[in-house]
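Results of the structural survey
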Number of protein chains: 2
Amino acid sequence: MNKKSKEKSILILFGEKVRAERLKQHLSQEKLAEKAGLHRTYIGMIERAEKNITLENIKKIADALKVKITNLFEEL
Amino acid sequence: MNKKSKEKSILILFGEKVRAERLKQHLSQEKLAEKAGLHRTYIGMIERAEKNITLENIKKIADALKVKITNLFEEL
DNA sequence: TTGTGACTTTAAGTCCGTC
DNA sequence: CGACGGACTTAAAGTCACA
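Residues numbered from 1 in each chain as written. Chains lettered and ligands numbered in written order. Predicted model: local features only at pLDDT ≥ 70, side-chain atom pairs only at ≥ 80, totals over all residues. Heavy atoms only, no water.

Under an unreviewed UniProt entry, chain A has the name HTH domain-containing protein, Cro/C1-type and belongs to Desulfonema magnum.

**Here we look at the confidence of the model for chain A**
The share of residues in chain A with pLDDT of 70 or more is 88%, and the mean pLDDT across the chain is 90. Residue range residues 1-8 of chain A is modelled with pLDDT below 50. Its contacts to residues more than four positions away, or to other chains, number seven contacts. (pLDDT = per-residue confidence, 0-100. Contact = heavy atoms within 4.5 Å.)

**What about the protein's contact with DNA strand D?**
Around DNA strand D, the structure places 19 residues, and the nearest of them are A:Arg19, A:Arg22, A:Gln29, B:Tyr42 and B:Thr54. Backbone atoms, meaning sugar and phosphate, form 77% of the atoms of DNA strand D found within 4 Å of the protein. In the environment of DNA strand D, a base nitrogen lies 2.9 Å from a nitrogen or oxygen atom belonging to the side chain of B:Lys51. Interatomic distance of 3.4 Å between a side-chain N/O atom of B:Asn57 and a phosphate oxygen of DNA strand D. (Near = heavy atom within 4 Å. Polar contact = N/O pair within 3.5 Å; in protein donor to acceptor, adjacent residues only side chain to side chain.)

**Comments concerning the relation of the copies chain B and chain A**
Take chain B, turn it by 180°, move it 0.1 Å along the axis, and it overlays chain A with an RMSD of 0.1 Å. Interpreted geometrically, this transformation is the action of a two-fold axis. Rotation axis and chain B: the residue whose C-alpha lies nearest the axis is B:Thr54, separated from it by 1.9 Å. Interface overlap between copies: 100% of the residues of chain B at the interface are likewise at the interface in chain A, consistent with a symmetric, same-surface contact. (Least-squares fit on C-alpha atoms with pLDDT ≥ 70 in both.)

**So, helix α2 (residues 29-36) of chain B**
Residues and elements named next belong to chain B. Those residues of α2 that fall on the buried side of the exposure criterion are Leu-32, Ala-33 and Ala-36. In an axial view of α2, the angular spread of the buried residues amounts to 105°, which keeps them on one side of the axis. Summarising the geometry of α2, the exposed residues directed more than 90 degrees from the buried face are Glu-30 and Glu-34. The inward-facing, buried residues of α2 contact α1 (10-24), α3 (40-47) and α4 (55-64). Where α2 ends, the next residue or the one after it, Gly-37, has phi of about 75°, a positive value. (Buried < 20%, exposed > 50% of the residue type's maximum accessible area, 1.4 Å probe, protein only. Helix = DSSP H or I, 4+ residues; strand = E, 2+ residues; numbered from the N terminus. Arc of directions from axis to C-beta.)

**Digging into the packing of aromatic side chains**
Scanning the entire structure with this criterion turns up three aromatic pairs over all chains. Aromatic pair A:Phe14 and A:Phe73: ring centres 5.6 Å apart, planes at 25°, arrangement stacked. Residue A:Phe14 is found in helix α1 (residues 10-24), and its partner A:Phe73 is found in the segment after α4 (55-65); the two are separated by 59 residues along the sequence. Judged by relative accessible area, A:Phe14 falls into the buried class, the value being 1%. Relative to B:Phe73, the ring of A:Phe73 lies with its centre 6.2 Å away and its plane at 15°, an arrangement referred to as stacked. Taken together, the residues span two chains, with A:Phe73 in the segment after α4 and B:Phe73 in the segment after α4. For the residue pair A:Phe73 and B:Phe73, the accessibility class agrees, reading buried in each case. (Phe/Tyr/Trp six-rings, centres within 6.5 Å; stacked < 30°, edge-to-face > 60°.)

Following this line, the structure appears as structure tokens:
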């Protein structure tokens with residue numbers, strides 16, 4: 001899986017969801033990273049769909065945002 | 001993340017969901033692997049929660065099972 | 001048909017920084 | 001605050017032989 005591939009993928013949709021929810025709560029990437037126990041640069045990479053996130057980290061982010069995982073995949 | 005850790009995690013719940021759905025459709029791990037474009041043993045590892053699956057592979061499996069991703073996280 | 005250990009390759013994920 | 005890069009460590013991806 002190439003880091004630079006442009007396919008309109010689930011990763012992009014997921015990143016958009018995370019960003020939208022983060023902004024709605026007025027959190028910086030740094031704050032969200034802190035809450036999720038992840039690194040600040042990594043949150044940015046997820047939002048830009050540069051990394052293929054694992055299930056456990058999906059859960060950490062969902063928890064940090066206080067949303068259900070299903071909310072992050074709504075129209076899928 | 002230790003392969004042997006016993007934490008009742010999201011990985012276990014996900015594996016159970018996949019197995020339940022696979023059996024409901026009377027598919028072998030091998031058949032599902034073929035449909036998903038993944039390896040036979042890998043599907044087994046996912047069902048037994050030995051691998052922290054990434055989002056793209058979650059999608060492949062959901063597609064192969066013809067279910068929505070949200071269905072695989074229903075009561076989360 | 002599935003589980004498991006061993007294994008190599010690739011990518012996830014961290015941490016430093018600059019713009 | 002966020003995008004992005006380089007270098008790095010750890011873990012996932014992916015495969016195999018055999019139980």
